[in-house]
Amino acid sequence: GDVYKRQYQRRVHGQLCDDDYIELNKPENLRKRNFLVFHSNWQVANVTTAANYFHLLRRQMLREFRKPLVLMSPKKLLRLRAATSNIEDMGPGTSFKKVFDEAYPQELVPMKEVRRLVFCTGQIYYDLLEKRRATKTKDVAIIRLEQVGPFPYEEVETLLKEYPGAKEFVWAQEEPLNFGAWNFVSPRIQVLMDNQKIKKELIFQGRPPSGSPATGSVSYTHLRAHETGRNLVCRLLLEKKKLV
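Read on for a plain summary of the structure.

Definitions and cut-offs
- Residues numbered from 1 in each chain as written.
- Predicted model: local features only at pLDDT ≥ 70, side-chain atom pairs only at ≥ 80, totals over all residues.
- Heavy atoms only, no water.
- Pairing = 2+ DSSP bridges.
- Helix = DSSP H or I, 4+ residues; strand = E, 2+ residues; numbered from the N terminus.
- Expected span 1.5 Å × (residues − 1).
- Buried < 20%, exposed > 50% of the residue type's maximum accessible area, 1.4 Å probe, protein only.
- Axes fitted to C-alpha atoms, helices over the stretch in contact; angles between N-to-C directions.
- Parallel < 35°, antiparallel > 145°, perpendicular 65-115°, else oblique.
- Left-handed = near helix turned anticlockwise from the far one by under 90°.
- Contact = heavy atoms within 4.5 Å.

## Focus on the sheet that holds strand S5 (residues 140-145)
Phase 1 of the analysis: Taken in spatial order, the five strands of this open sheet run S3-S5-S4-S7-S8, and their pairing is mixed. Both edges of this open sheet fall to strand S3 (99-100) and strand S8 (202-207), since each of them pairs with a single strand only.
Phase 2 of the analysis: In the sheet, strand S4 (residues 116-120) pairs with S5 via five bridges, with the strands oriented parallel. Bridged to Leu 117 within S5 is Ala 141.

## Side note on helix H6 (residues 182-195)
Phase 1 of the analysis: For H6, which comprises 14 residues, the first-to-last C-alpha distance of 20 Å matches the rise-based estimate of 20 Å (1.5 Å per residue) to within 8%.
Phase 2 of the analysis: Burial analysis of H6 places 10 of its 14 residues in the buried class, the great majority of the element.
Phase 3 of the analysis: A positive phi of about 60° marks Lys 197, the residue just after H6.

## Remarks on the sheet that holds strand S1 (residues 43-45)
The strands that make up a sheet are held in pairs by hydrogen bonds between backbone atoms, and each pair lies either parallel or antiparallel.
Phase 1 of the analysis: If you walk across this open sheet you meet the three strands as S2-S1-S6, and the pairing is mixed. Since the sheet does not close on itself, it has two edges, and those belong to strand S2 (69-71) and strand S6 (147-149), each with one partner. Each strand axis lies, on average, 30° off the axis of its neighbour in the sheet, ignoring direction.

## Notes on the packing of helix H5 (residues 153-161) against H6
Phase 1 of the analysis: Here H5 crosses H6 at 50°, and the two axes come no closer than 10 Å. Overall, the two elements H5 and H6 adopt an arrangement that is oblique. Remark: the crossing between H5 and H6 carries right-handed chirality. Here H5 contributes Tyr 153, Val 156, Glu 157 and Leu 160 to the contact with H6, which in turn contributes Arg 188, Leu 192 and Met 193.

## Remarks on the environment of Glu 107
Phase 1 of the analysis: By the element assignment, Glu 107 lies in the loop between S3 and S4.
Phase 2 of the analysis: Residue class for Glu 107 comes out partly exposed when judged on its relative accessible area of 24%.
Phase 3 of the analysis: In this structure, the C-alpha to C-alpha distance between Glu 107 and Lys 136, residues 29 residues apart in sequence, is 8.6 Å.
Phase 4 of the analysis: In contact with Glu 107, not counting residues within four places along its chain, are Arg 132, Arg 133 and Lys 138.

Geometric descriptors of this kind do not, in isolation, establish any biological role.
Written out as structure tokens, the structure is:
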């Protein structure tokens with residue numbers, strides 16, 4: 001429910017690690033990013049496919065060290081047809097993916113012509129994808145963070161370089177501004193953008209700040225989630241003007 005999903009996620013991100021994202025991205029410290037897991041209290045993941053769920057659990061068991069794993073994926077994805085995977089995705093030569101690039105590039109314009117780059121994590125990806133297809137939007141790419149912490153600096157940095165024509169960079173989440181992963185991921189994505197001389201600010205798109213993690217009404221919560229999600233998608237995918 002809302003109390004678990006919002007309040008707990010904010011707390012685990014806040015106490016995740018002590019990495020200095022500014023110092024870590026200086027040229028002389030880049031190598032230290034490979035050892036973040038050893039300096040973290042736990043790992044936080046929000047996987048969106050069955051195969052990546054399998055690989056995440058497999059990695060957890062096979063690692064030569066032990067580190068607690070916090071999995072934020074909701075029950076909805078257990079029965080969502082779009083989140084299923086082929087058996088080949090779990091076979092030899094496959095492994096856990098910390099970040100998923102745009103999954104359907106054939107539905108978009110060439111990468112260098114993508115106008116807006118949307119970062120997200122978890123089930124909201126499928127809502128964004130569904131609406132993008134319904135509106136036939138072809139210049140918005142969606143990137144999923146499957147592992148939120150330790151933050152996947154190298155993977156995100158690589159993806160930023162693949163979209164040189166992007167003019168807007170957005171973080172989308174269904175939680176309010178003061179909940180969810182925004183406060184954890186935003187400064188880290190921003191410092192990677194600054195390092196690549198991308199003179200843009202990462203834009204938040206989600207619900208306005210809320211003083212409580214739950215409304216006290218299940219029906220109202222679901223209605224508000226639906227309405228806010230619809231407005232969010234409209235702003236992300238339908239509007240051609242610059243987001244503010």
